[in-house]
Every structure is written in structure tokens, then in C-alpha cells.
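Each chain, written out:
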Amino acid sequence: MPASYRTSYWISYPWEKIRTDLRNNQTNVLKKLASEAKLDAAYEWIDNFLAGTDRKLVVFAHNVSIVDALAKKYGNLRVSGRDDMDSRQHAIDSFQNNPDSRVIVLNLQAGSVGITLTAASDVLFVQMGWTPAEHDQAEDRCHRIGQINNVQAYYMICAGTIDEDIYELIQQ
């Protein structure tokens, strides 16, 4: 079976304007703020990826609002807890079989098990889960029997935010 690789993509953001919100100590709020702040960087990264290669990309996020925003920009192929089984299967089939469907966006919980996405060998985490197992499961949607390429996972980490803490936590 081909190898699997991980690369971290660090970005910076001027957090001074939302510093009072960051002192709040509610981790889910902090995760969502970090993700919303890096949404433009995610768009840029994905646009560059798509322009620089003909490969497909699997994108994972935690918050449904982030999944919605990314899916809306990149063809509306999505899998989240809000989607019915027919919609999920249509998105998966389109991604797997249609060469023009190059991006699928999945919620970490709803899209990280029981799905095969071997049409892609590149995975981007715009938001991270709390454990290495969550990421391994998500990456394994591409790294399955039938995959002929090495799988490369990219992690967007926003410097100076809770992203750094989560990244350090899951590296242990």
C-alpha cells in the first residue's frame, strides 16, 4: 500500500482585533474563531492547489458553518451530519466518478468513517479534531485499498491561536 505523509501549513493572523473574544476560554468558541479567521487563507490554499495540479482534494472541517462556506465555494459536494443519506451518497459518487468534481468537504465526525474517497490522495484539515485517531480515520478515507498514490495530509494551523495548542496535543 502506498505511504501516507503529513505537512503542516502555518498561517498568521492579526488577533488583536478579537483579543477580548479569545480571552473567553471557551474552547469551541476559540476553535470556531480561529477557523473563521483562516477561511480566506483556506480559500487561497485550495485555489492554489487546484490551479497547480489536476488532482482532487478532500477537505475536513469541524464546524458545519465552515463546511458550508467551503462547500459553497467549491461545488457544493459535502458530507455533514445535516445531510441525508441520499445527499451524502450523491456527493461521494460525484467526487469519486466525475473528473470535474475536484473538491469534497466533509465534517470530521460525519465524514471520517465508512467512506471511500480513493479518487483523491490529498487531504486538507482546515479544522482539527482533538485526537490523532480522528485525523487517522479521516486520512484513511483516501488511504484505502484501491489507492494507487501516496496520501498527503495538510493541516492549516493559525499561529497564536488555540490551533497551536490542539496541534501540540495531538502530536503527543
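Computed from a predicted structure; not experimentally measured.

Peer 1: Can you walk me through unusual backbone geometry in this structure?
Peer 2: Leaving glycine aside, a negative phi is the common case for residues, and trans is the common case for peptide bonds. You will see that Asn 76, though not glycine, has its phi angle at about 65°, which is positive. On the secondary structure map, Asn 76 appears in the loop between helix 4 (64-73) and strand 3 (78-79).

Peer 1: Would you mind showing me how to read the pattern of salt bridges here?
Peer 2: Any two side chains of opposite charge can pair, given that their charged atoms come close. Applying the stated criterion to the full structure yields four salt bridges. Notably, a salt bridge pairs Asp 68 with Arg 78, separated by 2.0 Å at the nearest N-O pair. Of this pair, Asp 68 sits in helix 4 while Arg 78 sits in strand 3, and the two are 10 residues apart along the sequence. The partly exposed category is assigned to Asp 68, whose relative accessible area is 25%. For Arg 78, a relative accessible area of 12% corresponds to the buried category.

Peer 1: How should the packing of helix 3 (residues 39-52) against helix 4 be read in this particular structure?
Peer 2: The axes of two packed helices give the description: the angle between them and the distance between them. Contact geometry of helix 3 with helix 4 gives a least axis separation of 11 Å together with a crossing angle of 35°. For the element pair helix 3 and helix 4, the recorded crossing hand is right-handed. Taking contact as the criterion, the partners of Leu 39, Ala 42, Tyr 43, Ile 46 and Asp 47 in helix 3 are, on helix 4, Ile 66, Ala 69, Leu 70 and Lys 73. Classifying every residue of the contact of helix 3 with helix 4 gives seven nonpolar, no polar and two charged.

Cut-offs used in this document
- Residues numbered from 1 in each chain as written.
- Predicted model: local features only at pLDDT ≥ 70, side-chain atom pairs only at ≥ 80, totals over all residues.
- Heavy atoms only, no water.
- Helix = DSSP H or I, 4+ residues; strand = E, 2+ residues; numbered from the N terminus.
- Salt bridge = Lys/Arg side-chain N within 4 Å of Asp/Glu carboxyl O.
- Buried < 20%, exposed > 50% of the residue type's maximum accessible area, 1.4 Å probe, protein only.
- Axes fitted to C-alpha atoms, helices over the stretch in contact; angles between N-to-C directions.
- Left-handed = near helix turned anticlockwise from the far one by under 90°.
- Contact = heavy atoms within 4.5 Å.
- Nonpolar A, V, L, I, M, F, W, Y, C, P; charged D, E, K, R; others polar.

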